[in-house]
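Residues per chain are reported as follows:
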Amino acid sequence: VYIRKHPLDIPPPSEKDWLKDDEEDFFLQDPDRKRDALPQPFRMINKLVMTVFENAVEIIERRETLREAQKLKVQPTRFFPTAEFQVTGRANCLAVSGKYIFVGLSVGLAAFKVSDCTEVCAWDAVKMEICAIHASDLGNECHVLLAVDEMGLVWLFCFHKENFLLIKILNEMEDISKRSTSVEVVLSPGGDYAGVLLQGKYRNMVYNTKAWLEIYRLPKHSWLKEMEKNPGAAEVCRERRSSWTSADIFLLQESPVSANKADTKLSLPVLLLQVKPPKPITGSSFKSPLDALKKVDDGSMLGLGYNHLIKDSQWEQQEAIFRSTYREYLEAEGERESKEEIPRHATFHFLLPSWILQVGPEMKVQPDVPAGISVHWDGSHNLCFYLLNRPLKEKVDSDPKPDVVWPCAAPIACSAVSSCSRYLALACEDATITVWDKHLGYPLSVTAILEERFIRSIHFL
């Protein structure tokens, strides 16, 4: 009898028992491709190529899906030009008023009919390049135009019976060194007023203020009467311009005052307001509250904050406390010393009569004629309103006080007025938009934009 000396054990596995890579999934392999299996490294290359191909197919399918979805959307109607007109030189700007299109050219002005785009009149006596143009229909085939040339001069024209009549250059100066340049020009609806924002030497002043605003009253009713009394004025101006020589044109380029004498005399616009930017608020010079109260009017409205009792030492002490408290934050942001400068730009709008613009009973108010303007300067918290229905003075106040002041929580970045002039929108630097109803005098809505984005412009649709 055979007797085992050791107990029965399971023998350890050997290499012969290991499964080979080729035989691991042999039951899942295609029998037809069993002999076509690629060796390494060709299998890795094949896998990469197949991955790229599958990704390309996915991208193609995604684009096809987006293209099909785009076809289902409503496509905007495409409009093509119905007519074109040829101009002399380069067209820089245009304005439409009534049945005419006024084009600012590199050599002057031109007027075209809207119906057939034919040129009816051109002004090229001074060979000036027009950079901006504004026009308004006055009725009775008369239009008022404000044109700004490349030198910043503002030219006031009257277009009557298909002829240009030069009335005046608003910012003309005999001394070229004291000449101011126009930054922005606004013509009120209906052509009753014109506003010009200027930079440079302030007239009748020695020092150089950065910017100021001038508001003119345009005597459009007088123009219409003068045109009726002198119907041949346009033909005379056409004959004068055609008879000018090259020497006359040279003189006109050098001295804009001479150009005013070329056309038939019409009533000149009246300078109504000169608004300068607000001065920085400094420490009080009053010795007692009684002295400050003497400078206050009747107390029925808010002011600009100049009449206060805060001393310079108090502001300096408050500034020192603030810097010491938040020193680490100021250093981390790389604080820069900023000096208060007089703002150089202002945004202004002509406003129709409303509750916020209260005028006296002796002043006649027309519903379609602007009764005031709203002005806010860059970096200012205050929106200032100035009434336009004021008696004319021999000497215009160079720094009038605003009739109404709206202080805001943050500096005003931009503003807009609706086409009906009833709604006023203010956007501040803290990304807050407030829409006001000027007729009722209260805000309709206040909207805060998330993430405190800076608002550069705002419009009514």
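A quick note: this is a predicted structure, and the numbers were derived from the prediction, not measured. (Residues numbered from 1 in each chain as written. Predicted model: local features only at pLDDT ≥ 70, side-chain atom pairs only at ≥ 80, totals over all residues. Heavy atoms only, no water.)

**Q** Requested: an account of the overall build of the chain, with residues and values cited.
**A** The helix and strand tally for the chain stands at nine helices and 20 strands. A total of 461 residues make up the chain; the buried ones form 36% of that total. Long-range pairs, those at least 24 residues apart, make up 53% of the contacts in the chain with a sequence separation of at least 6. Carbon and sulfur atoms make up 55% of the accessible area of the chain, which amounts to about 30,700 Å² in all. (Helix = DSSP H or I, 4+ residues; strand = E, 2+ residues; numbered from the N terminus. Buried < 20%, exposed > 50% of the residue type's maximum accessible area, 1.4 Å probe, protein only. Contact = heavy atoms within 4.5 Å. Areas by Shrake-Rupley, 256 points an atom, 1.4 Å probe, with all protein chains shown as cover.)

**Q** So what about the state of the cysteines? Which residues, and what values?
**A** Here the structure, examined in full by the defined rule, presents zero disulfides. Cysteine Cys-408 is unpaired, with the sulfur of Cys-428 as its nearest cysteine sulfur at 4.5 Å. (Disulfide = S-S within 2.5 Å.)

**Q** Talk me through the pairing of strand 13 (residues 346-351); I want residue IDs and the actual numbers.
**A** With six of six residues buried, strand 13 lies mostly within the body of the structure. Neither face of strand 13 is open: one carries Ala-346, Phe-348 and Phe-350, the other Thr-347, His-349 and Leu-351, and all of them are buried. The pairing of strand 13 with strand 14 (residues 372-377) spans six bridges and is classified as antiparallel. In the sheet register, Phe-348 faces strand 14, and the bridge partner there is Val-375. (Pairing = 2+ DSSP bridges.)

**Q** An account of helix 3 (residues 220-229) is requested, with residue identities and associated values reported.
**A** Residues of helix 3 that are buried include every one of Lys-220, Trp-223, Leu-224 and Met-227, and no others. Taken down its axis, helix 3 places every buried residue within 100° of arc, on the same side. When the buried face of helix 3 is taken as reference, the exposed residues oriented beyond 90 degrees from it are His-221, Lys-225 and Lys-229. Buried residues along helix 3 sit in contact with strand 5 (130-139), strand 6 (142-149), strand 7 (154-160) and strand 8 (164-169). (Arc of directions from axis to C-beta.)

**Q** Could you give an account of unusual backbone geometry, with specific residues and numbers?
**A** You will see that Lys-161, though not glycine, has its phi angle at about 50°, which is positive. Looking at where Lys-161 falls in the secondary structure, it is placed in the loop between strand 7 and strand 8.

**Q** Tell me about the pattern of salt bridges, and please be specific about residues and values.
**A** Close approach of charged atoms allows side chains with opposite charge to pair. Following the criterion strictly, the structure yields seven salt bridges and no others. With its nearest N and O atoms 3.8 Å apart, the salt bridge here joins Lys-113 to Glu-162. Of this pair, Lys-113 sits in strand 3 (residues 108-113) while Glu-162 sits in the loop between strand 7 and strand 8; the two residues are 49 residues apart in sequence, bridging distant segments of the chain. Judged by relative accessible area, which is 29%, Lys-113 ranks as partly exposed. Judged by relative accessible area, which is 27%, Glu-162 ranks as partly exposed. (Salt bridge = Lys/Arg side-chain N within 4 Å of Asp/Glu carboxyl O.)

**Q** Account for the side chain of Ser-415, with residues named and values stated.
**A** Within the element layout of this structure, Ser-415 appears in strand 17 (residues 412-417). Engagement of the side chain of Ser-415 in a polar contact is seen with the side chain of His-349, the distance being 2.9 Å. Side-chain polar atoms of Ser-415 contact the side chain of His-376, separated by 2.9 Å. Excluding residues within four positions of it along the chain, Ser-415 makes contact with Thr-347, His-349, His-376, Ala-425, Leu-426 and Ile-458. (Polar contact = N/O pair within 3.5 Å; in protein donor to acceptor, adjacent residues only side chain to side chain.)

**Q** Can you lay out the sheet that holds strand 12 (residues 270-275) for me, pointing to particular residues and giving the numbers?
**A** Across the sheet, four strands lie side by side as 9-10-11-12; this open sheet has antiparallel pairing. Taken across any chain shown, the strands that pair with only one partner, and hence form the sheet edges, are strand 9 (181-187) and strand 12. The average undirected angle you get between the axes of adjacent strands in this sheet is 20°. Pairing of strand 9 with strand 10 (residues 193-199), which is carried by six bridges, proceeds in the antiparallel orientation. Residue pairing across strands places Ser-182 opposite Leu-198, the latter belonging to strand 10. (Axes fitted to C-alpha atoms, helices over the stretch in contact; angles between N-to-C directions.)

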